[in-house]
Structures are given as C-alpha cells and as structure tokens.
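Given next are the chains, with one letter for each unit.
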Amino acid sequence: MGFAEQRFTVNLSILFTELPLLERPAAAAAAGFAAVELWWPWVDSPTPEQSELDALKAAIEDAGVRLTGLNFYAGQLPGPDRGALSVPGEESERFRANVDVAARFAQSLGCTALNALYGNRVDGVDPAEQDALALENLALAARAADRIGAILLIEALNGPESPHYPLVSAPAAVGVVDKVDAATGLGNARFLMDLYHLSMNGEDLPSVIDRYASRTGHVQIADNPGRGAPGTGSLPLEDLLDRLGKAGYEGRVGLEYKPGDRPSAQAFDWLPR
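Bear in mind the structure is a predicted one, so any value in this text is a computation, not a measurement. (Residues numbered from 1 in each chain as written. Predicted model: local features only at pLDDT ≥ 70, side-chain atom pairs only at ≥ 80, totals over all residues. Heavy atoms only, no water.)

Peer 1: Before we go on, may I ask you to explain the layout of surface pockets in this structure?
Peer 2: Empty space among the atoms becomes apparent when a probe as large as a water molecule is rolled across them. Considered as a void within the structure, the largest pocket measures approximately 370 Å³ in volume. Looking at the lining of the largest pocket residue by residue, the classes come out as seven nonpolar, eight polar and six charged. The space that makes up the second largest pocket amounts to roughly 320 Å³. As for the second largest pocket, its lining consists of 23 residues, of which Thr68, Ala113, Gly217, His218 and Arg252 are closest to the centre. Mapped onto the lining of the second largest pocket, the elements with two or more residues apiece are strand S2 (35–38), strand S3 (66–71), strand S4 (113–115), strand S5 (151–155) and strand S7 (216–221). Ranked by residue count, the leading element in the lining of the second largest pocket is S3, at five residues. (1 Å grid on protein atoms, 1.4 Å probe; cavity = no way out; pocket = protein on both sides within 12 Å on 5 of 7 lines; lining within 4 Å. Points joined across faces, edges and corners; volume = space filled by probe spheres on them. Nonpolar A, V, L, I, M, F, W, Y, C, P; charged D, E, K, R; others polar. Helix = DSSP H or I, 4+ residues; strand = E, 2+ residues; numbered from the N terminus.)

Structure, rendered in structure tokens:
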C-alpha cells in the first residue's frame, strides 16, 4: 500500500493560490494530478455571475482534471468565518441562496461531493437555535445534493484554530450526519474525515478510523504541526491512509495543506511518481 496506492485530489483553495484561480487547474494537471477540489471560490458572493461560473468550468475542463469536491458558500474562508448555515440572518440566507447554484455547478462538472461547513457560534444566540437552523439548512443542502446524485459532507474542524466552531470532534460531526439523514430520509450525508483537524483535537486517529471509516465520504490530509505537506510534521499519514483502506475506505484523499515557502508545484516531493 502506501502513498503510491492512494487516489489524491488537490485542493486549489490552499495549494496553487500563488496563481489566479483560473490558472490553478492547469497547474495541478501539470504537477501530475487528475482531480481537484475547491472551497467556494467567490467568498463575497454566494451567487456569482454566470460568466464567472462558466469561466471556472472551462478552466477545469480545459485542464483535463475532474472536480471531485466543492464547498457550499461558507463566508470568509480563509478568514474569520467557518461556514454560514447556522448563522442567523443574512449569512444563512446567503447559504440558502447558494445551495442550488453550487449544486448546479457541481453537476455541470460531474462533481458528486458537496461540503457544508457548519458555522461558528454567535455571541448572544442560543446554541439550540443555531442547531435548529443548521439542521434545516443542511436538510436543504442534502436534498439539493441528492438531486444531482451527490453526497453531503459534514466536517469536524479543530478547536485551537476554530474556537467558536461547535463540531470539533469526529463524534460531534458524525452526530450531525445522523441528524441530517434522519431528517431527510435520504441517507446521503457523510463524515468528512480531515486527519489534520482531528489530530489537532488530540483524537486517537486509529480509533477514529476504525469507528467511522464506514461513515466517511471524503478524507483530507495535512501534517501536524504546521499543516504542511506529509513529512513536514510528525503524523504517520502513510500508515493512517493504509489503515483507512483496510477499514474499507475506497474514496479519494484531498491534499489540503500549505505548500510552505515554495511554489506549490514543488510541494509534492513526498509523493511517489
């Protein structure tokens, strides 16, 4: 097994960001990758002009790569926000406006995984109120994903870097997956297992893998500390991915790490060619 046996997809919202958005798919292809994923690229607009959507679609198609994952609108990311769907008022409305736009864009490129970041706790708002709003919006997103044959991903982040985000453990995120599936009856919600975030939370990663591999729709990696490429920290990522495979996970692995003080094209020297 090992890294050579994995099916990697490059996150173009954290790698190749030294390039304009429309140049990143071709750069990923030139680096040897056939698949890419994205956070919602238009942080200020849940409903960008059709011309902008068409331009990104063309850039991905012209590069010959496949879009394998897309985030719904999540506010300022990177930045202070960690999603919009549980934030009452304008932000959750922006999320709702984005749902069908993101789903149609994903469908146009054959993308079958949509990630919905939960959103931070808001001072002065009852957490139960936020959770009720979140479930309502996640059900909306799950139904939109189902219409295009996609899964809905629920991600756990890490407490040290996202102190106001409520889903900072694998059980917390999987609990939301269960609630969404119960609310919709669709069964298309899945856990997004980001090994960097879970390690930052101090979770027992082999145990998380054994317990939740069957509930996992996507995996992302970065080393810890530093959120750099594999080998820049101390996480045994190759062993962990092997364990995931033995536990039955057959999906892609998203490379969601920082390239460091070098061009992104040079940040893959850990990967067997």
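Structure's up, so let's keep going.
Peer 1: Can you walk me through the pattern of salt bridges in this structure?
Peer 2: Note that side chains of opposite charge can pair when their charged atoms are close. Taken as a whole and judged by the stated rule, the model has 10 salt bridges. Across the salt bridge formed by Glu90 and Arg94, the nearest N and O atoms sit 3.9 Å from each other. Here Arg94 and Glu90 lie together in helix H3 (residues 90–108), a separation of four residues that amounts to about one turn. Salt-bridge contacts for Arg96 lead to Glu136; the nearest nitrogen and oxygen are separated by 2.6 Å. In this pair, Arg96 is assigned in helix H3 and Glu136 in helix H4 (residues 127–147), connecting sequence segments 40 residues apart. Arg96 gets classed as partly exposed once you look at its relative accessible area, which sits at 30%. (Salt bridge = Lys/Arg side-chain N within 4 Å of Asp/Glu carboxyl O. Buried < 20%, exposed > 50% of the residue type's maximum accessible area, 1.4 Å probe, protein only.)

Peer 1: I keep staring at empty space enclosed by the protein and nothing clicks. Help me out?
Peer 2: Across all of its chains, the model carries one cavity of 30 Å³ or more by this definition. Here the largest cavity defines a volume of roughly 40 Å³. Considered class by class, the residues forming the lining of the largest cavity number six nonpolar, one polar and no charged.

Peer 1: Would you mind going over helix H8 (residues 237–246) with me for this structure?
Peer 2: Helical periodicity: at 3.6 residues per turn, an α-helix aligns residues three or four positions apart in one direction. Taken together, the buried positions of H8 are occupied by Leu237, Leu240, Leu241, Asp242 and Leu244. Where H8 is buried, its residues contact strand S1 (8–11), strand S6 (189–194), helix H6 (195–200), helix H7 (205–212), S7 and strand S8 (253–255). Positive phi shows up at Gly248, right after H8, with a value of about 110°. (Contact = heavy atoms within 4.5 Å.)

Peer 1: I tried to follow the pairing of S1 on my own but got confused; where do I start?
Peer 2: Within a regular strand, side chains alternate between the sheet's two faces. Because side chains alternate across S1, one face comprises the buried residues Phe8 and Val10, and the other comprises Thr9 and Asn11, equally buried. Here three bridges tie S1 to S8, and the two strands are oriented parallel to one another. Bridge pairing in S8 links Val10 to Leu255. Where S1 and S2 come together, two bridges link them in parallel fashion. Paired with Val10 across the strands is Val36, a residue of S2. Considered for its hand, the β-α-β crossover made up of S1, helix H1 (residues 24–30) and S2 is right-handed. (Pairing = 2+ DSSP bridges. Right-handed = clockwise from strand over helix to strand, strands pointing away.)

Peer 1: Can you walk me through the nonpolar core in this structure?
Peer 2: Among soluble globular proteins, nonpolar side chains are generally buried collectively. By size, the foremost hydrophobic cluster in this structure holds 90 residues, and its most contacted members are Phe8, Leu70, Met193, Leu255 and Phe268. The greatest single-element share of this core, amounting to seven residues, is contributed by H3. In contact with Phe8, not counting residues within four places along its chain, are Phe3, Phe33, Ala35, Ile221, Leu241, Arg252, Val253, Leu255, Trp270 and Leu271. (Core = buried A, V, L, I, M, F, W, Y, C linked by side-chain atoms within 4.5 Å.)

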